[in-house]
2 protein chains.
Amino acid sequence: MLRTHTCGELNMKNVGEKTTLSGWVQKSRDLGGMTFIDLRDRYGITQLVFNLETDKELCMKARKLGREFVIQAMGVVEERSNKNLKMPTGEIEIAVTDFKILNESKTPPFTIEDESDGGDELRMKYRYLDLRRNPLRRNLELRHRMSIETRKYMDSQRFLEIETPYLIKSTPEGARDFVVPSRMNKNQFYALPQSPQTFKQLLMVAGYDRYYQLVKCFRDEDLRADRQPEFTQIDCEMAFVEQEDILNTFEGLARHLFKEIKGIDVAEFPRMTYADAMKNYGIDKPDLRFEMKFVELNDVAKNKGFQVFDDSELIVGICAKKCAEYTRKQLDALIDFVKKPQIGAKGLVYVKCNDDGTFKSSVDKFFDQEALKTWAKKMNAKTGDLLLVLSGETERVQKQLGELRIEMANQLGLKDPNNFKPLWVVDFPLLEWDEESGRFHAMHHPFTSPKKEDIELLSTDPGKVRANAYDMVINGVEIGGGSIRIFNKDLQKKMFKILGFTDEDAQAQFGFLMNAFEFGAPPHGGVAFGFDRWVALFGGSDSIRDYIAFPKNNAGRDQMIDSPSQISQVQLDELSLKLIKD
Amino acid sequence: MLRTHTCGELNMKNVGEKTTLSGWVQKSRDLGGMTFIDLRDRYGITQLVFNLETDKELCMKARKLGREFVIQAMGVVEERSNKNLKMPTGEIEIAVTDFKILNESKTPPFTIEDESDGGDELRMKYRYLDLRRNPLRRNLELRHRMSIETRKYMDSQRFLEIETPYLIKSTPEGARDFVVPSRMNKNQFYALPQSPQTFKQLLMVAGYDRYYQLVKCFRDEDLRADRQPEFTQIDCEMAFVEQEDILNTFEGLARHLFKEIKGIDVAEFPRMTYADAMKNYGIDKPDLRFEMKFVELNDVAKNKGFQVFDDSELIVGICAKKCAEYTRKQLDALIDFVKKPQIGAKGLVYVKCNDDGTFKSSVDKFFDQEALKTWAKKMNAKTGDLLLVLSGETERVQKQLGELRIEMANQLGLKDPNNFKPLWVVDFPLLEWDEESGRFHAMHHPFTSPKKEDIELLSTDPGKVRANAYDMVINGVEIGGGSIRIFNKDLQKKMFKILGFTDEDAQAQFGFLMNAFEFGAPPHGGVAFGFDRWVALFGGSDSIRDYIAFPKNNAGRDQMIDSPSQISQVQLDELSLKLIKD
């Protein structure tokens, strides 16, 4: 080893010991006859000291070291006169007796500090330098520990980690596949998995009972800020279970991670139906760190002569605590917010609950003090609160108010990243109607089973059918989701039919699965968690990119290795491919 | 849960308890008024019993159950009259009070037994049924436990598991890449990694110190029996180390796996130079479970008037213990063996060391008893042994005798799968001359460092340069290999030049790595283990396919899902690709 210790472990107990450290020059400073160098490695920083008086040659050599030079330093551990109790090694320093330059460094294009001066693009290009910064190192260490603890829990529950193939088969359902041309099978293609869905179900048919895998998945989508073309899932499946067994098992996983990683004991996860989530929070992944539950006002606000309300299917509001002092400008900004095209509300009604017990609203013309008082009472508002009310077609207005609720939480600083409020959202609809294609799509995926009591609706009113499907939601983020699967060939066939597959298409794409169902398929279900997102959540960030060692940018490019790139004509010929150029 | 117990856990302690089991009908038999059903799940088999007298209806229903039906059975644990002490549940049976058919099964196309009657092709097509068989289940369980123990050891040594990208960049060095057309970057391609080599080196530059990953890798090669287009590596890299540190660290991993998985304490791994391995065993991955070390006979057999030997650069033999009684037919078979085109020897000289102290050889005409006695003495042969001698050009004859040595071990049953003889082979050549392309290839890969003392030879005699490269070999199988890397830009440039890269090519393909070397790259090195092969070795098999849940056949096809397959014109259009058809 080119070191006897790391830069993070020496302390007062080691005083007097000889040591050899290796690492990077974080910074150096000359103070009179002394030179101090902060030497950095993955484990910490240790101060090296050189004395101009006692060893002039060595000290002069040390003064020539630049930032990020890699050196190996030999010396003796000494007690510092100026202690820094904020760092584990802050009570000691190394009186260096000799050192060796292992490698030089050009000046990095940005500073290797917790707060770097480098822009996004530059830091992506020099990712290997960006990764030297503490925040990113801590993120990857967190990711490592979460994967270790995930496996520890799954293993304790007798799940087997089984690897499924990456070169599989393209299917048109779901997102767009990345495909891989086959050289040995001319004009044919593999696809990279969007998830190991069919394979994990086949493992259940094969009797493996409890399967999991931390696995890369791939989607060729136009990227948004928090999406990556390749991402990691904790993919799981169990046989001989009902929905409640799965919820309990994976609530156990979450509880284990909260305990081991965050040191937090979390209470039992509440379960909320999809219908209630939409009704009370206007979103299928409610953030329960804050209240502002929806209150329906139809009975107190409809048919009172205000045309906008009278024409509305739903009048619904939230109570923003202690916001009665919002200025005209702040209120106008809220109105602008809900009118944004992405949200699409026509307007916003507000009611200020003044300190003196009076009310001031944007609809004073239509509602007197007494009327507004009934609103306030219904919404459990106190003096000093602000009521925000939207109206319109039920589903749309719920979503709009859901957005406004989150915006208010942002404005009021209610999204404490160290407060965790997990829950299960259950009873999702099985299907959603797609206006564009004029047919039903599977809300989760085509293998999700309908609720037994709703099966008859499949033929009469498919949109009403609820699924045995569930999402784990933490702080407004969908961490994972899954379902109890169909395990009967005929029901699966029917499902494909409802989704617009011809029998031939279904057979060509999923024949192997439907055949498997004829040979003793057990009842089964599962769940998949977005590992990148879960790590980011535990790290207190929205951006999964900071929790992936080598992410791609929004154009799907790796700016460091400059990929994708052209391939040679020889490669194209071997694959029997021709490029279509503009 | 659809069960209270698994089919592997009930025993005498549970007698009298109520239980619910779920599983597959392994077999059933009717004996007079009783029906016995073996119910199987992942954990074992439990006997169910139905009594025609006490519950005729239930028993008649049970008699209709077919093989591989999935049932849920409720009943009471009872002591068996006819105990089977070979199985953990063999002392009890379940007196069934009720059961439910969870799913029916068609008759499987082959038997779900340890020794199946299904052919390879059929079993690959119905892989989900083949996976129900005990031998395959045990293989996947072994794989799971080896991955768990690997991670446990690596974590204990402070290695971080860091995921590297799957969508990377195609490089012509090494085997053929699988490529992935990019839709968002028209006419450009990603490549799937043959290994995360450059990324793990960049992680060392980034200061991560100790990295590992169990990771899928991809090679588009024409497949041999024990190759798969996608395979799993234990990929590792360390900084601030020398070769000896890496050997010790990963000998530690192997020792941990031997202990935890096989229950074996293995002695320190011997280290053998590549030169010695070739000289003594004719192969760079010697199987040390058996002796038959090569003995050079030049000084006692050359220039004695036997033209074949006199014209040979090397005369070398092995001593096969107790084979003097080999018949003419057996000897002829050995001669045929070495003459096979894959081996390519012109002939084989044998000497039988007869029990009476005389010798009988195929070259009696040229060598008298006295001469043969000196051979026997040199080869440490006893009466009853058989000497097998080859001659010719040194490297070729070593390889030929290496093959013969293994063949003899096969014939003599010396390859005991429960005897493990690991070793490190070190000091591999840096380069190998490729006749076809008329240039040097990197024996390991282009990032491997030459031995310091051989660096000068790079300019004068590159073929003689030894590398800081090493392989871990167990029982004649190369389990893993690695090297200390180049971490200096100029040396890396020189290396690319020797390998025939132009400066432009090197920059275009590996510029990011050479740039990274300018910003404080630490000394580093690593190793990668073939996980599939290691699991197969521990499982006592040569075939990695039996240790992969869903393998591909020799044409790279997944016969179960019928992949690769055609993709739609829409997909081709989106990717700006046109197929070249015959």
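Cut-offs applied
Think of each chain on its own: its residues are numbered from 1, step by step along the sequence as written. Each chain takes a letter, starting from A, and each ligand takes a number, starting from 1, following the order in which they are written. Totals for whole chains, interfaces and linings use all residues, but because this is a predicted model, local features are given only for residues with pLDDT of at least 70 and pairs of side-chain atoms are given and counted only at 80 or more. Only hydrogens and water are set aside when side-chain values are computed; all heavy atoms of the structure are taken into account. Each domain's limits were defined by an automated method or a database of domain assignments. The salt bridge criterion pairs a side-chain nitrogen of Lys or Arg with a carboxyl oxygen of Asp or Glu, the two atoms within 4 Å. Secondary structure elements follow DSSP: runs of H or I of four or more residues count as helices, runs of E of two or more count as strands, with numbering from the N terminus. Partly exposed describes any residue whose relative accessible area lies between the buried limit of under 20% and the exposed limit of over 50%, with all areas from a 1.4 Å probe on protein chains only and scaled to the type maximum. Least squares is the method used to superpose the copies, on C-alpha atoms of residues holding a pLDDT of at least 70 in both. We call two residues in contact when some of their heavy atoms are within 4.5 Å. The arc in question is formed by the directions pointing from the helix axis toward the C-beta atoms. Computed with a 1.4 Å rolling probe, the buried area is the accessible surface lost when two parts are put together, summed over both parts. Two N or O atoms form a polar contact when they lie within 3.5 Å of each other; inside protein one atom must be a possible hydrogen donor and the other a possible acceptor, and for residues adjacent in sequence the pair counts only when both atoms belong to side chains. Residue classes follow a fixed rule: Ala, Val, Leu, Ile, Met, Phe, Trp, Tyr, Cys and Pro count as nonpolar, while Asp, Glu, Lys and Arg count as charged, and any other residue, Gly among them, counts as polar. To pair, rings of Phe, Tyr and Trp, with the six-membered ring standing in for Trp, must have centres within 6.5 Å; the planes then decide the type, stacked if under 30 degrees apart, edge-to-face if over 60, and tilted in the middle. The criterion is that NZ of a Lys, or CZ of an Arg, lies within 6 Å of the ring centre and within 35 degrees of the ring normal, and then a charge sits over that ring.

### Considerations on the domain arrangement of chain A
Parsing chain A into structural domains produces domain 1 (12–103), domain 2 (136–272 + 421–569) and domain 3 (290–412). Here the C-alpha centre of domain 3 of chain A lies 62 Å away from the C-alpha centre of domain 1 of chain A.

### A look at the pattern of salt bridges
Evaluated as defined, the whole model comprises 84 salt bridges over all chains. Note that glutamate 149 of chain A is salt-bridged to lysine 152 of chain A, the shortest N-O span being 3.3 Å. Taken together, the positions of glutamate 149 of chain A and lysine 152 of chain A, both in helix H4 (residues 134–156) and three residues apart, correspond to about one turn of that helix. Relative accessible area serves as the criterion here: at 47%, lysine 152 of chain A is assigned to the partly exposed category. With a closest N to O distance of 3.4 Å, lysine 489 of chain B and glutamate 518 of chain B form a salt bridge. On the criterion of sequence distance, the pair formed by lysine 489 of chain B in helix H14 (residues 489–498) and glutamate 518 of chain B in the loop between helix H15 (503–516) and strand S22 (524–530) is long-range, its members being 29 residues apart. Look at the salt bridges and you will find they share partners, linking Asp120, Arg123, Arg127, Asp130 and Arg133 of chain A into a network.

### As for the relation of the copies chain B and chain A
One copy of the chain maps onto the other through a rotation about an axis plus a displacement along that axis. Here chain B sits on chain A after a turn of 180° about the axis and a move of 0.0 Å along it, with an RMSD of 0.1 Å. Such a combination of rotation and displacement between the chain copies is what one expects of a two-fold axis. Here 100% of the contact residues of chain B are again contact residues in chain A; the copies associate through an equivalent surface.

### Side note on helix H11 (residues 369–378) of chain B
Residue and element names in this part refer to chain B. The complete set of buried residues in H11 reads Ala371, Leu372, Trp375 and Ala376. Down the axis of H11, the buried set is contained in an arc of 140°. They therefore lie on one face. Of the exposed residues in H11, those oriented more than 90 degrees away from the buried face are Glu370 and Lys377. Looking at the packing, one finds that the buried side of H11 touches helix H8 (298–301), helix H9 (307–310), strand S14 (349–353), strand S15 (359–361) and strand S16 (386–392). Of the residues one or two after H11, asparagine 380 is the one with positive phi, at around 60°.

### A word on the interface of chain B and chain A
In this assembly, 126 residues from chain B lie in contact with 126 residues from chain A. Summed over both partners, the interface of chain B with chain A buries about 11500 Å², with 59% contributed by carbon and sulfur atoms. Of all residues in chain B, Arg42, Phe240 and Phe519 of chain B bury the most surface against chain A, accounting for 7% of the area lost on that side. Joining chain B to chain A, the criterion identifies 14 salt bridges. Viewed at the interface, chain A and chain B are joined by 73 residue pairs in polar contact (both at pLDDT 80 or more). Among the elements that line the side of chain B that touches chain A, the one with the most residues is helix H4 (residues 134–156) of chain B, at nine residues. Among the residues forming the side of chain B that touches chain A, the class breakdown is 65 nonpolar, 24 polar and 37 charged.

### Thoughts on the packing of aromatic side chains
Residue and element names in this part refer to chain A. Tallied over the full model, the rule gives 59 aromatic pairs over all chains. On the numbers, 6.0 Å between centres and 35° between planes, the contact of phenylalanine 309 with tryptophan 375 is tilted. Here phenylalanine 309, found in helix H9 (residues 307–310), pairs with tryptophan 375, found in helix H11 (residues 369–378); they are 66 residues apart in sequence, far enough to count as distant. Across this residue pair, the class does not change: phenylalanine 309 and tryptophan 375 are buried. Connected via pairs of aromatic rings, a cluster forms that spans Phe159, Phe250, Phe258, Phe420, Phe529, Trp534 and Phe538. Positioned over the ring face of phenylalanine 99 is lysine 61, at 4.3 Å from the centre of the ring.

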